Amino acid sequence: MNLAGKNIWVIGASMGIGHALVKELGSYTTNLVISSRKEDLLKKLATEINLPEENVIPFDITHHDEAKEAVHKVLQLMGNIDCIIFTAGVSQRSLITDTQFFVYDKLMNLNFLSIVNIALTALPSMIEKKSGHFVVLSSVAGKFGTPNRSGYAASKSALHGFLSLCVLNIRKIILMLRLFARFY
Ligand SMILES: NC(=O)c1ccc[n+]([C@@H]2O[C@H](COP(=O)([O-])OP(=O)(O)OC[C@H]3O[C@@H](n4cnc5c(N)ncnc54)[C@H](OP(=O)(O)O)[C@@H]3O)[C@@H](O)[C@H]2O)c1
């Protein structure tokens, strides 16, 4: 994908991989929107790459109505979205016997359902335009059993299932769904 002039939305931009990616993308395109919860960190990053403040859209991806609203805000700001890069996510390290139900609930909500919600909200505009990229960072834990990662592995594994079927269901349009698995 040629990035020049593309409208790119990075979700999970305040820290880690998303933050590093935005710094890199800043030299290819100025049509960037950056999101996550910590507005102060996002604004700092925006200043570093000369991004207008209106291109910072903070929200919590687990608040599903707020997330849908964020998709509409980005569409209003950019007209269309060429690429959504989803780097927001959370990990886990604990034995199954030490892990309470709420941990699974949180991991599935954040690492899986929030992505489904944003995909379902953003896909119609990509389908209408017959183009779009939806890039999600996964993990090798979603493919192979990994000690102390029962909930994390389950959430990434669910993601693999959902995105692989998205590709089959909407293969007639020029839509790219990419899943990047990172080794740890
Ligand atoms: N790092 C690794 O070695 C590694 C290995 C394999 C896979 N991965 C995957 O790669 C992705 C990124 O990992 P990372 O290490 O860069 O993580 P990270 O440093 O912890 O950063 C996570 C990002 O997600 C955002 N985020 C977390 N909860 C959120 C929420 N409820 N709403 C909106 N944004 C939220 C955080 O920002 P706020 O706190 O501002 O919301 C932050 O910008 C994850 O999906 C992870 O599973 C990472």
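Source: prediction; values computed, not measured.

Enquirer: Before we move on, can you summarise the site of the ligand with the specific residues and values?
Expert: Neighbouring the ligand are 24 residues; Gly-16, Ser-36, Arg-37, Lys-38 and Gly-89 lie closest to it. For the shell around the ligand, the elements supplying multiple residues, two or more each, are α1 (16–25) and β4 (132–139). Of the residues forming the shell around the ligand, the biggest block, three residues, is contributed by α1. When grouped by side-chain class, the residues that make up the shell around the ligand number ten nonpolar, ten polar and four charged.

Enquirer: How would you sum up the packing of helix α3 (residues 64–78) against helix α4 (residues 101–129)? Please name residues and give values.
Expert: When two helices pack together, their arrangement is captured by the angle between the axes and the distance separating the axes. Taken N-terminus to C-terminus, the directions of α3 and α4 make an angle of 30°; their axes are 10 Å apart at the nearest point. Here the hand of the crossing between α3 and α4 comes out right-handed. Contacts between α3 and α4 involve His-64, Ala-67, Lys-68, Val-71 and Leu-75 from the first element and Ser-114, Asn-117, Ile-118, Thr-121, Ala-122 and Ser-125 from the second. Class assignment for the residues of the contact of α3 with α4 results in five nonpolar, five polar and one charged.

Enquirer: Describe the nonpolar core, listing the residues and the values that go with them.
Expert: With 35 residues, the main nonpolar core has Trp-9, Val-10, Leu-32, Ile-34, Ile-84 and Phe-86 as its most contacted residues. What Ile-84 contacts, discounting residues up to four positions off in sequence, is Trp-9, Ile-11, Ile-118, Ala-122, Phe-134 and Val-135.

Enquirer: Residues and numbers for helix α2 (residues 39–48), please.
Expert: Taken residue by residue, α2 has Leu-42, Leu-45 and Ala-46 as its buried positions. An end-on view of α2 places all buried positions within 105° of arc, on one side of the element. In α2, the exposed positions angled more than 90 degrees off the buried face are occupied by Asp-40, Thr-47 and Glu-48. Contact partners of the buried residues in α2: α1 and β2 (32–35). Positive backbone phi, approximately 55°, marks Asn-50, located one or two places after α2.

Enquirer: Lay out the environment of Asn-2 in plain terms, naming residues and giving numbers.
Expert: Within the fold, Asn-2 resides in the segment before β1 (8–11). Here Asn-2 falls in the exposed class, since 7 other C-beta atoms lie within 10 Å of it.

Calculation rules
Residues numbered from 1 in each chain as written. Predicted model: local features only at pLDDT ≥ 70, side-chain atom pairs only at ≥ 80, totals over all residues. Near = placed C-beta within 6 Å. Helix = DSSP H or I, 4+ residues; strand = E, 2+ residues; numbered from the N terminus. Nonpolar A, V, L, I, M, F, W, Y, C, P; charged D, E, K, R; others polar. Axes fitted to C-alpha atoms, helices over the stretch in contact; angles between N-to-C directions. Left-handed = near helix turned anticlockwise from the far one by under 90°. Contact = placed C-beta atoms within 7 Å. Core = buried A, V, L, I, M, F, W, Y, C linked by C-beta atoms within 7 Å. Buried ≥ 20, exposed ≤ 12 C-beta atoms within 10 Å, placed from the backbone. Arc of directions from axis to C-beta.

Scope: geometric values only; no functional claims are made or implied.
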